[in-house]
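Inside the fold
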Amino acid sequence: MAYTLIKNGTLIDGNGGQPIVDACVLVKDNVIQAAGKLADIQIPSENVTEVDVNGGFILPGFIDTHVHMMFEVGPVEKQVTTPFSYRFYQATQFMKRTLDAGITTVRDAGGTDAGVKQAIKDGIVPGPRMQISITPLTITGGHGDSWMRSGIDLTLHGYPGSPDGLCDGVEEVTKKVREVLRAGADVIKVHATGGVLSPTDHPEFTQYSQEELEVMVREAAYRRGLKVMAHAQGKEGIKNAVLAGIHSIEHGIFIDDEVAKLMVQHGTYLVPTLLAPVSVLENAEASGSMPEYGVQKCREVVEYHKESIALAYQAGVKIAMGTDAGVMAHGTNLRELGLMCEIGMSPMESIVATTKTAAECMGWEDQIGTVEAGKLADIVITSTDPLTDIRSLENNDNIVAVFKDGELVKNKLNKVPATSN
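Now for a look at the structure at hand. (Residues numbered from 1 in each chain as written. Predicted model: local features only at pLDDT ≥ 70, side-chain atom pairs only at ≥ 80, totals over all residues. Heavy atoms only, no water.)

1. Thoughts on the overall build of the protein chain
The helix and strand inventory of the protein chain stands at 12 helices and 17 strands. Taken against the 2.2 N^0.38 rule, which gives 22 Å for 421 residues, the C-alpha radius of gyration of the protein chain at 21 Å falls within 12% of a compact globule. Overall, the C-alpha framework of the protein chain stretches about 70 × 45 × 45 Å when taken along its three principal axes. Expressed as a percentage of the 421 residues in the protein chain, the buried residues total 56%. A separation of at least 24 residues holds for 70% of the contacts in the protein chain among residues at least 6 apart in sequence. Accessible area for the protein chain stands at about 16,900 Å²; split by element, carbon and sulfur atoms hold 49% of it. (Helix = DSSP H or I, 4+ residues; strand = E, 2+ residues; numbered from the N terminus. Rg over C-alpha atoms; globule rule 2.2 N^0.38 Å. Buried < 20%, exposed > 50% of the residue type's maximum accessible area, 1.4 Å probe, protein only. Contact = heavy atoms within 4.5 Å. Areas by Shrake-Rupley, 256 points an atom, 1.4 Å probe, with all protein chains shown as cover.)

What follows is the structure in structure tokens.
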């Protein structure tokens, strides 16, 4: 029976209430036993490892509900000349950088298969806890279909463990959902509209019909009780997804009052990924590695995106933090929090969005998302106060310690943990 006492810090527990000063968290093995003021918690007399956070801030492990852990967008030449298996080894670096940023849980929105998830779970490689969608469903010629008008096709048409995501019509959609579930998906991902980094469509283009989307929702729910997340940027596609019973809208570039009200009525989550178009434009300026069609579409939509997320926030839509990491560098995830504050959220609201609300969006609110008794010991220690400077979290050096499932996976504290016997 091993205990860890995290002490001498200010607790921001993820519930949105007032921070608790002179706080501590008592962990037994990988489960939080108690959290609150040190004076109010009974500490065991032996077998306790003390972790002094030196006046830092204690928060829940952060959650990113929209990542692509198996890639980072780069030059097309590199994409087509890199051996297929190389990306699995490269992803170990992406996963380590994600943990170093304090992201202990992710929902992968496409590209990661069950083997990667199992390798993390079994401790073969370090990485965040995962829900995986494996491969997004997309129509022919839609977002996710990388066929170029030159005739060259850059689409990865499946491999063992990851079905080809192209499907059209109710019958094909039904079969494809079943194939993805068979491969081990925890959530179904669909492209309900066009997108920015796809060669032959536009974010406002509607892809699947409401009927096709309803089939996806039905198949996921009936077979596994699972949810569907939808890349949805244009208004009509977002509306179709909400009415079909889609659990979360990813991106939401062209939300208006009507759609925001529908989302509130249906309890639909919004995952804004404000960082995605910003990063595309930054990378294009810095390196020129982004395709021109993607850069042009980003320029068209980036301001609409901010306005839509602000509108949705003001309407009371449930917002869970997600970044689209992979479109930008992994490990830069927490830049999203500052962008969320720019559209009107408070620092505390952005923290709740990446902890409690994100856990609820993933259906894991009974396990993670807050620092309280009975939850898994996913805990982040910061040297700066995120409530006074939310952007300080963008510097991973300010994330001085990360616990995932009770294990200290990053430690830059000044003091070495000591054990009392």
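2. Some remarks on unusual backbone geometry
Non-glycine residue aspartate 22 carries a positive phi angle of around 50°. Among the structural elements, aspartate 22 can be located in strand S2 (residues 20-28). One non-glycine residue with positive phi stands out, namely threonine 273, at about 50°. As for its placement among the helices and strands, threonine 273 is situated in the loop between strand S12 (269-271) and helix H8 (275-287). Exposure remark for threonine 273: the relative accessible area of 0% places this residue in the buried category.

3. Some words on the sheet that holds strand S6 (residues 62-67)
In sheet architecture, strand pairing relies on hydrogen bonds along the backbone and comes in two forms, parallel and antiparallel. Pairing in this open sheet of three strands is parallel, and the strands run S6-S7-S8 from one edge to the other. Each edge of the open sheet carries a strand with a single partner, namely S6 and strand S8 (129-132). In this sheet, neighbouring strand axes are inclined to one another by 15° on average, regardless of whether the strands run parallel or antiparallel. One ladder, built from four bridges, connects S6 with strand S7 (residues 103-108); its direction is parallel. Within the sheet, the bridge partner assigned to isoleucine 63 lies in S7 and is threonine 105. (Pairing = 2+ DSSP bridges. Axes fitted to C-alpha atoms, helices over the stretch in contact; angles between N-to-C directions.)

4. Quick look at the nonpolar core
Grouped together as the largest cluster of nonpolar side chains are 92 residues, with contacts concentrated most on Leu137, Ile188, Val190, Tyr208, Met216, Ile249 and Leu270. Residues in contact with tyrosine 208, not counting those within four places in the same chain, are Leu137, Thr138, Ile139, Cys167, Val173, Val190, His191, Ala192, Leu213, Met216 and Asn240. Listed in part, the 17 residues of the second largest apolar core include Ile6, Ala23, Val25 and Val400. (Core = buried A, V, L, I, M, F, W, Y, C linked by side-chain atoms within 4.5 Å.)

5. Brief notes about the pairing of S2
As judged from the seven bridges shared by strand S1 (residues 3-11) and S2, these two strands associate in the antiparallel manner. Bridge pairing in S2 places threonine 4 opposite valine 27. When S2 meets strand S3 (residues 31-37), the two strands line up antiparallel, connected through six bridges. The partner of cysteine 24 across the bridge, within S3, is glycine 36.

6. Quick look at the packing of helix H7 (residues 257-266) against helix H9 (residues 292-315)
Packed helices, taken two at a time, are described by the angle between their axes plus the distance between the axes. Interhelical geometry of H7 versus H9 gives an angle of 45° and a closest axis separation of 9 Å. Our classification of the angle between H7 and H9 gives oblique. In this structure, the crossing between H7 and H9 has a hand that is right-handed. For the pair H7 and H9, contact is made by Asp257, Ala260 and Val264 and by Leu311, Ala312 and Ala315, respectively. Grouping the constituent residues of the contact of H7 with H9 by class yields five nonpolar, no polar and one charged. (Parallel < 35°, antiparallel > 145°, perpendicular 65-115°, else oblique. Left-handed = near helix turned anticlockwise from the far one by under 90°. Nonpolar A, V, L, I, M, F, W, Y, C, P; charged D, E, K, R; others polar.)

Just geometry here; none of it tells us what the structure is for.
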